[in-house]
Amino acid sequence: MVLEKIKFEKHPKPVLSPKKDSWWERYATYNPAAVVKDDKVYLFYRAEHTRENYISKIGLATSTDGFNFKRESPEPILEPSCELEIRGLEDPRAVKIDDNYYLAPSPWDGKVTRITLAKAISEDLTKWERLDSCLFHERPSIKHGCLFQEKIDGKYMMYFRDSNHGISLASSTDLKDWEIKKDSIIEPRDCGFFDSRTVSPATPPIILDNHIILFYIGSDMVCPTQSRLKDDFHEYGLGAILFNKDDPTKVIERTGVPLMRPEFDWERLGKVNNVIYPTGLVKFKDKYFLYYGAADNVIGVATTQLDDIFK
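Here goes a summary of the coordinates provided. This structure is a prediction, so every number in the text was calculated from the model and none was measured. (Residues numbered from 1 in each chain as written. Predicted model: local features only at pLDDT ≥ 70, side-chain atom pairs only at ≥ 80, totals over all residues. Heavy atoms only, no water.)

1. So, the overall build of the protein chain
Check the secondary structure of the protein chain and you find one helix and 21 strands. In terms of C-alpha radius of gyration, the protein chain reaches 18 Å, essentially the compact-globule figure of 19 Å for 311 residues. With respect to the three principal axes, the spread of C-alpha positions in the protein chain is 45 × 45 × 40 Å. For the protein chain, buried positions account for 58% of its 311 residues. Approximately 13400 Å² of the protein chain is accessible, and the part contributed by carbon and sulfur atoms is 45%. Between the mean site of the 44 positive side-chain charges and the mean site of the 49 negative ones, the protein chain shows a separation of 2 Å. (Helix = DSSP H or I, 4+ residues; strand = E, 2+ residues; numbered from the N terminus. Rg over C-alpha atoms; globule rule 2.2 N^0.38 Å. Buried < 20%, exposed > 50% of the residue type's maximum accessible area, 1.4 Å probe, protein only. Areas by Shrake-Rupley, 256 points an atom, 1.4 Å probe, with all protein chains shown as cover. Lys, Arg positive; Asp, Glu negative; His and termini not counted. Charge placed at Lys NZ, Arg CZ, Asp CG, Glu CD.)

In structure tokens:
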């Protein structure tokens, strides 16, 4: 089993925490997208000013070592701009494809979530062009759009969490019109597994040795009688799936136990307890840095080596 060889080393402290004197990020900073440019890590993080009736916005912080971050702007770099986003932009993912950077946040209107895309070709990654509209208008209550970092057979590809709390795959030739390739490639497993309640793509998939590796977020149920649609859960953890590059719907291997789970107090206690929520993965300084929201309050990071495993 190849995936069992993946080991993450957690940094013992959060790398980004709420800024108490800020009007828009004084309560929570979490669930960031990540890219590397010019030997810097760029984190595009979700931020909120209050626990109740919050409106999520996107901020930007950078680091030259992957651990110590500096905020790049006293204001959000992306804010809600339409009725579908009145409760904010949540949990972005980011990739670079060819010469463009793409950011995929999930807008929330207080009832359902969707997926949007923004594009930047700027030097500083602070100015973004909002692309046409929400994707999959006919499929509400989906989120966590994770674009592939390269095209497959000339098409853009995206894993996303579907309305059945599973993972689906879609493709597009223009980033506007999307075709659902297959519904629920990955579904929650039986009670007793760490991913028995929901599964969601965590970070944009990476391709190594002709395989696709997708890290995913799994949550479990408190007891066998509870519905997957209820909010009660024990904890969120990290899993991984190995797909065939020639067929991104074909599962080769899936982890049976979490690769990471909440351990530190700051991962267990916060806005939502017992949550590790990875959303950003970059290769930086010969390691892979995995950035995650902890307890829906702060941002943590863990590092791993993957290249040696998939030679």
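2. Remarks on the sheet that holds strand β6 (residues 89-97)
Pairing within the open sheet is antiparallel, and its four strands lie in the order β6-β7-β8-β9. Of all the strands in the sheet, the pair left with one neighbour each is β6 and β9 (129-130). As paired strands, strand β8 (residues 118-120) and β9 are joined by two bridges and run antiparallel to one another. For K119, the partnering residue across the bridge sits in β9 and is E129. (Pairing = 2+ DSSP bridges.)

3. So, the nonpolar core
Within the largest apolar cluster, 28 residues are counted, with the highest numbers of intra-cluster contacts made by I6, F8, F215, L238, M260, L306 and F310. Looking at this core, the elements with two or more residues in it are β15 (206-208), β16 (211-219), β17 (236-244), β19 (276-284), β20 (287-294) and β21 (298-304). Those residues in contact with F310, other than ones at most four positions away along the chain, are V2, L3, I6, L208, D209, I213 and L242. (Core = buried A, V, L, I, M, F, W, Y, C linked by side-chain atoms within 4.5 Å. Contact = heavy atoms within 4.5 Å.)

4. Comments concerning the environment of I212
Here I212 is to be found in strand β16. For I212, a relative accessible area of 0% corresponds to the buried category. With 25 residues separating them along the chain, I212 and E187 place their C-alpha atoms 18 Å apart. Setting aside anything within four residues of it in sequence, one finds I212 in contact with F148, Y159, P205, I206, I207, I241, L242, F243, N244, K245 and P248.

5. Brief notes about the sheet that holds strand β13 (residues 178-186)
With antiparallel pairing, the four strands of this open sheet are ordered in space as β10-β11-β12-β13. Here the strands that pair on one side only, and so sit at the sheet edges, are β10 (143-147) and β13. Averaged over all adjacent pairs, the angle separating strand axes in this sheet is 25 degrees, with direction ignored. Relative to β13, strand β12 (residues 167-172) is paired through five bridges, and the arrangement is antiparallel. Among the inter-strand pairings, L169 is bridged to a residue of β13, identified as K182. (Axes fitted to C-alpha atoms, helices over the stretch in contact; angles between N-to-C directions.)

6. Examining the pattern of salt bridges
As enumerated under the stated definition, the model contains 19 salt bridges in all. Between D109 and R114 there is a salt bridge, with its nearest N and O atoms 3.8 Å apart. One continuous salt-bridge network, built from bridges that share partners, spans R46, E48, E90, D91, K143 and K271. (Salt bridge = Lys/Arg side-chain N within 4 Å of Asp/Glu carboxyl O.)

7. A short note on the packing of aromatic side chains
Going through the model one piece at a time under the given rule, you end up with 14 aromatic pairs. Seen in terms of ring centroids, F148 and Y159 are 5.0 Å apart; in terms of plane orientation they differ by 35 degrees. Their pairing is tilted. One end of the pair, F148, is in the loop between β10 and β11 (156-161); the other, Y159, is in strand β11, and 11 residues separate them in sequence. Note on accessibility: F148 and Y159 belong to one class, buried. Each member of the aromatic cluster is reached from another via a ring pair, and the members are F67, F69, F284, F289 and Y291. Just above the ring of Y54 sits the side chain of R87; from NZ or CZ to the centre is 5.1 Å. Note that K271 overlies the ring of Y54, its terminal NZ or CZ placed 3.8 Å from the centroid. (Phe/Tyr/Trp six-rings, centres within 6.5 Å; stacked < 30°, edge-to-face > 60°. Lys NZ or Arg CZ within 6 Å of the ring centre and 35° of its normal.)

Scope: geometric values only; no functional claims are made or implied.
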